Amino acid sequence: MTSVDPAILARLHAQAFAAPWSEAEFADLLNQAGVFAVVEPDGFILIRVVLDEAEILTLAVRPEARRAGLGGRLTGQGALAAARAGAARLFLEVAEDNTAARALYDRAGFRQIGRRKAYYAAPDGARTDALVLGLDMAKNPGEAALP
């Protein structure tokens with residue numbers, strides 16, 4: 001993968017999330033073995049591959065660019081890159097109440113495999129469960145998560 005500027009990821013993440021990650025956090029992640037990003041001007045996906053498993057660490061799309069297929073495209077490109085890096089399975093966590101993200105991952109072929117109770121905290125202190133989703137890319141590696 002080519003070099004990625006953590007400042008760009010932090011700026012995009014801040015536009016997409018109420019509790020964004022810092023430039024330093026992105027720099028730390030990008031310095032870890034197996035971590036890569038697929039970046040477009042309006043969004044990115046950050047993935048970590050360890051042996052034959054991969055995890056989507058975050059997917060961020062600027063609000064003005066949503067509902068135009070970018071999230072699906074990034075998910076597909078990220079999944080294919082993870083498969084090329086040796087991953088047979090791809091995992092992620094998504095807030096149970098994030099219906100748009102859940103629909104995107106459902107279209108990409110992810111299925112619920114677990115739940116983390118009260119995983120996400122809202123600014124008001126409310127807690128939301130995370131759904132753990134998985135995609136078995138070994139079945140059809142050339143078709144994994146394509147929009």
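Remember, predicted model here, so these are calculated numbers, not experimental data.

A.B. asks: Can you break down the environment of Gly-86 residue by residue, with the values?
C.D. replies: Summarising the element assignment, Gly-86 is placed in the loop between helix 3 (70-84) and strand 4 (89-95). Looking at Gly-86, the relative accessible area reads 41%, which means it is partly exposed. Sequence separation between Gly-86 and Gly-43 is 43 residues; the distance between their C-alpha atoms is 24 Å. Here Gly-86 is in contact with Leu-51 and Asp-52, once residues within four sequence places are set aside.

A.B. asks: So what's going on with the pattern of salt bridges? Which residues, and what values?
C.D. replies: A side chain of one charge can pair with a side chain of the opposite charge when the charged atoms of the two come close. Across all of its chains, the model carries 11 salt bridges by this definition. Salt-bridge contacts for Arg-48 lead to Glu-55; the nearest nitrogen and oxygen are separated by 3.7 Å. Classification of Glu-55 by relative accessible area gives partly exposed; the value is 27%. Here Asp-106 makes a salt bridge to Arg-111, at a shortest N to O gap of 2.9 Å. Taking the relative accessible area as the measure of exposure, Asp-106 reaches 45% and is therefore partly exposed. The structure contains a network of salt bridges with shared partners spanning Glu-96, Arg-115, Lys-117 and Asp-129.

Conventions used here
Residues numbered from 1 in each chain as written. Predicted model: local features only at pLDDT ≥ 70, side-chain atom pairs only at ≥ 80, totals over all residues. Heavy atoms only, no water. Helix = DSSP H or I, 4+ residues; strand = E, 2+ residues; numbered from the N terminus. Buried < 20%, exposed > 50% of the residue type's maximum accessible area, 1.4 Å probe, protein only. Contact = heavy atoms within 4.5 Å. Salt bridge = Lys/Arg side-chain N within 4 Å of Asp/Glu carboxyl O.

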